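These are the residues of each chain, in order.
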Amino acid sequence: MSTAAVIEVSNLTVRLGAFTALEGVSFSVQPGETVAVLGPNGAGKTTLIHALLGLVQPAAGSVEILGHPPLEAPAEQIGYVPQLKTVDRGFPALTCELVASGHRRSWPGRLSRAEHRETTHALSLVGAANLCHKPLRWLSGGELQRVYLARALIRQPKLLLLDEPATGIDLVGEDDMYTHLEQYQRESGCAVLMVTHDWLAAQHHATKALLLNRKLMGFGPPAEALSDENMRQAFGHTGHVHPQNREGRDD
Amino acid sequence: MTEMLALEFMQRALLAGVLTALVAGYLGVFVVQRGMSFIGSGLAHAAFGGVALGLLLGREPLWVAVPFTVAVALLITWVRDRTSLSADTVIGIFFATSMALGILFISRLPTYAADAFTYLFGSILSVSWVDTAAVGALALVMLALLPLWGRWAYATVDREAARADRVPVRLDDYILSVLVAVTVVVAAKVVGIVLISAFLVIPPAAARLLSRRFLQMTVLSVALGALTAAAGLFASYALDAPSGATIILVQALVFLACAGYYIAFRKAASV
């Protein structure tokens with residue numbers, strides 16, 4: 001079974017300068033699974049995603065994505081929505097061009113008819129078909145988030161890496177987003193790994209939760225991985241989570 | 001105008017000026033969109049150090065200034081990459097250092113350094129066929145690198161996405177800074193070191209104001225650059241005014257017109 005894993009991480013340690021961001025992390029993700037990554041600020045969640053993408057190199061341990069080391073994994077099968085939108089909004093571009101760049105892995109000068117069709121389709125998947133010809137700088141934060149999701153979906157990925165995908169999206173939009181994501185997942189068998197601070201989302205939309213605080217504090221079905229004991233360990237005595245918080249939105 | 005075109009030095013200046021403007025207009029869209037406008041200015045001043053060294057060594061300044069400026073460009077990019085200092089800080093350090101070296105070299109010259117002033121302010125009379133050929137070679141290199149437009153633009157919009165898609169963004173940073181360095185040096189005689197950075201900034205900025213898409217901005221920037229360079233050279237001949245300054249003033253007029261248009265008609269629209 002492990003040969004078919006979409007993500008196979010074993011004993012991963014990542015150092016950023018003198019700082020150990022991740023230490024001895026091991027887990028694997030199978031096709032069709034949705035893994036919610038949770039943990040306090042500075043727990044190494046984004047670093048984990050960067051390690052999966054090959055943007056940072058492990059100090060020890062190994063990462064395999066779709067059976068390859070990160071830098072050799074087929075990039076066209078990996079969709080990525082970053083947390084901080086590093087996109088330059090002053091760049092003269094239309095939304096459809098940004099989405100099409102997800103397909104081309106390069107900036108499009110001119111969109112072919114087929115690309116235009118695929119772009120519109122990807123945008124409609126996230127309920128944003130109306131944004132197609134809107135310039136980037138006129139998108140709101142939530143709109144940009146959807147557009148990024150469309151940009152990741154257009155390549156029909158086998159793995160989606162989402163860093164706080166719901167940030168900036170309103171509640172209705174968030175529900176829509178998860179509906180669209182789950183539909184795409186059912187059709188494609190794509191695996192999803194998403195960083196979130198939303199415990200409810202993790203419990204409702206993820207098949208597994210991964211609790212992280214530089215080390216792996218829990219991994220498995222959300223109810224088990226997010227047990228009170230694991231949470232106390234992950235968040236420490238100064239930042240323990242009250243039961244009522246876990247019922248509501250954490251942020 | 002025909003009388004002017006019959007003059008060999010004008011032919012050289014026009015060819016060198018327009019080719020430089022084409023290259024600078026093209027590179028400039030990346031310079032402007034990456035917020036690197038200062039690097040053109042910084043490398044131009046570094047070029048002064050190289051030119052002065054060439055004069056001191058009694059060599060053709062171009063052949064000394066090109067490697068000198070390219071080395072400074074690589075150093076700037078390398079230090080910026082390896083430290084947490086911001087680009088403008090690193091550029092500021094190397095800019096002043098190269099300028100200081102240039103002044104020191106010139107002070108060692110046995111004769112009056114009239115040549116150095118040609119490079120500082122530009123002079124169409126001084127543009128040789130060697131200079132024109134150098135600009136031509138640069139334009140050919142740029143033409144050969146046109147297929148990189150897509151990935152340079154991609155990394156300009158979203159560096160992290162481009163990295164995740166395996167675009168060699170660091171290598172491209174070095175390539176771009178070397179190209180800017182060479183452009184600045186070969187353009188020095190036509191436009192002058194003091195003004196060359198405008199070639200990399202004004203046409204792309206004017207084009208930005210009129211463009212919804214990056215391809216449109218690129219094409220407009222190249223066209224505006226070439227047109228203003230030609231118009232500026234004609235005006236400089238007609239008015240017997242310094243060529244570099246005249247070209248930049250023509251570019252500034254075009255920019256003002258674009259800005260006026262943008263503010264009046266397009267502010268609420270989607271550009």
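None of these values were measured; they are calculated from a predicted model.

A.B. asks: Looking at this structure, how should I read the confidence of the model for chain B?
C.D. replies: It should be kept in mind that the predicted coordinates are not to be read in detail where pLDDT is low. Residues and elements named next belong to chain B. Averaged over every residue, the pLDDT of chain B is 89; the share at 70 or more is 97%. Within chain B, helix α6 (residues 114–121) has the poorest average pLDDT of any element, 76, and helix α8 (residues 149–157) the best, 95. As scored by the predictor, the complex reaches a pTM of 0.87 and an ipTM of 0.85.

A.B. asks: It is not clear to me how the sheet that holds strand β4 (residues 60–65) of chain A should be interpreted in this structure. Could you clarify?
C.D. replies: Strand-to-strand pairing in sheets goes through backbone hydrogen bonds, with the strands running parallel or antiparallel. All names here are of chain A. A sheet is described by the order of its strands in space; here 3 strands give the open sequence β2-β1-β4, paired in antiparallel fashion. Each end of this open sheet is capped by a strand with a single partner; those strands are β2 (19–29) and β4. Strand-to-strand twist in this sheet, taken as the mean axis angle between neighbours without regard to direction, amounts to 25°. Direction of pairing for strand β1 (residues 7–16) relative to β2: antiparallel, over a ladder of 7 bridges. Bridging across to β2, E8 finds its partner in S28. Each of β1, β2 and β4 touches helix α1 (residues 45–53); the most contacted strand, β1, lies at about 115° to it.

A.B. asks: Is there a simple way to think about the interface of chain B and chain A in this case?
C.D. replies: Interface extent is often summarised as the accessible area lost during association of the parts. Facing the 29 residues of chain B at the interface are 35 residues of chain A. Together, the buried faces of chain B and chain A total about 2600 Å²; carbon and sulfur atoms form 52% of this surface. The three residues of chain B that bury the most area against chain A are V157(B), E160(B) and R166(B), which together make up 26% of that side's buried surface. At the boundary of chain B and chain A, one finds 3 salt bridges. One salt bridge connects R105(A) with D165(B), and the closest N-O pair in it is separated by 3.5 Å. In this assembly, chain B and chain A are joined by 19 residue pairs in polar contact (both at pLDDT 80 or more). Of the residues that constitute the side of chain B that touches chain A, the class distribution is 14 nonpolar, 5 polar and 10 charged.

A.B. asks: I'm lost on the sheet that holds strand β6 (residues 159–163) of chain A in this one. Help?
C.D. replies: Residues and elements named next belong to chain A. If you walk across this open sheet you meet the 6 strands as β5-β6-β7-β3-β8-β9, and the pairing is mixed. Bordering the open sheet on either side are β5 (78–81) and β9 (215–220), each of which pairs with just one other strand. Averaged over all adjacent pairs, the angle separating strand axes in this sheet is 15°, with direction ignored. Against the sheet, helix α5 (residues 171–188) makes contact with β3 (34–38), β6 and β7 (191–195), and its axis sits at roughly 150° relative to β7, the strand it touches most.

Rules used throughout
Residues numbered from 1 in each chain as written. Chains lettered and ligands numbered in written order. Predicted model: local features only at pLDDT ≥ 70, side-chain atom pairs only at ≥ 80, totals over all residues. Heavy atoms only, no water. pLDDT = per-residue confidence, 0-100. Helix = DSSP H or I, 4+ residues; strand = E, 2+ residues; numbered from the N terminus. Pairing = 2+ DSSP bridges. Axes fitted to C-alpha atoms, helices over the stretch in contact; angles between N-to-C directions. Contact = heavy atoms within 4.5 Å. Buried area = accessible area lost by both parts, 1.4 Å probe. Salt bridge = Lys/Arg side-chain N within 4 Å of Asp/Glu carboxyl O. Polar contact = N/O pair within 3.5 Å; in protein donor to acceptor, adjacent residues only side chain to side chain. Nonpolar A, V, L, I, M, F, W, Y, C, P; charged D, E, K, R; others polar.

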